[in-house]
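As a plain string of letters, each chain reads:
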Amino acid sequence: MSRYISFRRPDGTASFGRLEGDAVHDLGAPGGDALLSGVLGDDLSALTTTATFARGDVALLPVVPDAGKILCIGLNYATHVAETGREQKEHPAVFTRWADTLVAAGEPLLRPRESERFDYEGELAVIIGKGGRRIARADAWAHIAGYSIFNDASVRDWQRHNIQFTPGKNFPATGAFGPELVTPDEVADITALRVTTTLNGTVVQDQPISDLIWDIPFLIEYCSTFTPLAAGDVIVTGTPGGVGDKRKPPLYMKQGDTVTVSIGLIGSLTNPVHDEN
């Protein structure tokens with residue numbers, strides 16, 4: 001199997017490994033912290049197992065907990081552009097997330113005390129394995145280490161303070177990333193999969209990745225033009241229509257909710273929602 005996770009060992013140190021059923025094969029050097037980003041440019045299948053744990057004995061981390069760059073693409077599905085009332089632009093909107101704002105699968109997303117408008121955004125995450133600058137579209141697929149799932153949960157009240165998205169996208173524990181990295185060889189056609197978000201079991205977003213306005217090779221080419229990409233960087237490709245902020249009446253996440261983002265064989269990312277203390 002070509003599925004990889006980041007986790008804390010039973011002794012509390014961070015590592016990464018290959019997931020096979022309920023077994024976690026630790027691929028990090030023993031005795032200290034080890035991070036997946038350090039090997040994403042390598043052949044992951046050639047790494048040696050240094051320990052094996054039961055799945056229940058490790059605590060998941062965001063799949064790339066130390067991503068150097070998390071580049072989020074806004075307004076990349078026409079349904080989402082339409083529901084926002086915005087004009088379709090010639091180039092994608094790009095904003096940034098910080099790695100320390102993210103939680104792992106199963107961990108609570110925290111609605112900040114300052115917000116009454118905490119929203120979900122299910123998305124496909126593309127994880128870079130081979131870095132580069134000005135990567136051509138024709139070469140882009142070769143730079144992908146794998147795919148994962150992202151919930152770019154948004155503090156809409158703070159996102160709307162001005163035209164820049166940064167404050168509403170970077171409160172602590174307001175985004176989720178995981179649970180696994182799935183390598184491209186496991187996915188015959190990533191564009192055939194659907195991004196589906198459910199809130200308390202009700203489907204609120206559902207659209208095929210083929211509907212992206214700017215496809216994955218274009219995003220890699222575009223982003224690598226203005227900034228060098230490195231192994232472990234992440235491009236979060238955009239959310240479909242159906243966000244809570246644009247529903248009538250609006251539908252925001254609150255204490256006690258459960259939100260799940262599913263992308264076919266990539267898996268499902270489920271998080272409870274808590275109010276920040």
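Our subject is the structure that appears above.
Definitions and cut-offs
- Residues numbered from 1 in each chain as written.
- Predicted model: local features only at pLDDT ≥ 70, side-chain atom pairs only at ≥ 80, totals over all residues.
- Heavy atoms only, no water.
- Phe/Tyr/Trp six-rings, centres within 6.5 Å; stacked < 30°, edge-to-face > 60°.
- Helix = DSSP H or I, 4+ residues; strand = E, 2+ residues; numbered from the N terminus.
- Polar contact = N/O pair within 3.5 Å; in protein donor to acceptor, adjacent residues only side chain to side chain.
- Contact = heavy atoms within 4.5 Å.
- Buried < 20%, exposed > 50% of the residue type's maximum accessible area, 1.4 Å probe, protein only.

Student: Outline the packing of aromatic side chains, listing residues and values.
Tutor: In this structure the tally under the stated criterion is six aromatic pairs. With a centroid separation of 5.3 Å and an interplanar angle of 85°, the aromatic rings of W158 and F171 are classed as edge-to-face. Of this pair, W158 sits in helix α2 (residues 156-159) while F171 sits in the loop between α3 (166-169) and β14 (175-182); the two residues are 13 residues apart in sequence, bridging distant segments of the chain.

Student: Account for the side chain of Q207, naming residues and giving values.
Tutor: Structurally, Q207 can be placed in strand β16 (residues 202-208). A polar atom in the side chain of Q207 sits 2.7 Å from the side chain of T79. Here the side chain of Q207 touches D211 through a polar contact of 3.0 Å, side chain to side chain. With near-sequence residues (within four places) excluded, Q207 lies in contact with Y77, T79, L193, R194, V195, P240 and G241.

Student: Explain unusual backbone geometry to me, and be specific about the residues and the numbers.
Tutor: Backbone torsion omega between G178 and P179 reads 0°, so that peptide bond is classified as cis. Locating P179 in the fold gives a position in strand β14. Look at the link from K248 to P249: it is a cis peptide, with omega at 0°. With respect to the element layout, P249 can be found in the loop between β17 (234-236) and β18 (258-263). Residue N200 is not a glycine yet carries a positive backbone phi of 55°. Mapped onto the elements of the fold, N200 is located in the loop between β15 (194-199) and β16. You can call N200 partly exposed: its relative accessible area is 43%.

Student: Kindly report on helix α4 (residues 216-226), identifying the contributing residues and their values.
Tutor: I216, P217, F218, L219, I220, C223 and S224 are the residues of α4 that are buried. Contact partners of the buried residues in α4: β6 (70-74), β11 (122-128), β12 (144-151) and β17. Looking at where α4 begins, the residue whose side-chain oxygen comes 3.0 Å from the main-chain nitrogen of F218 is D215.

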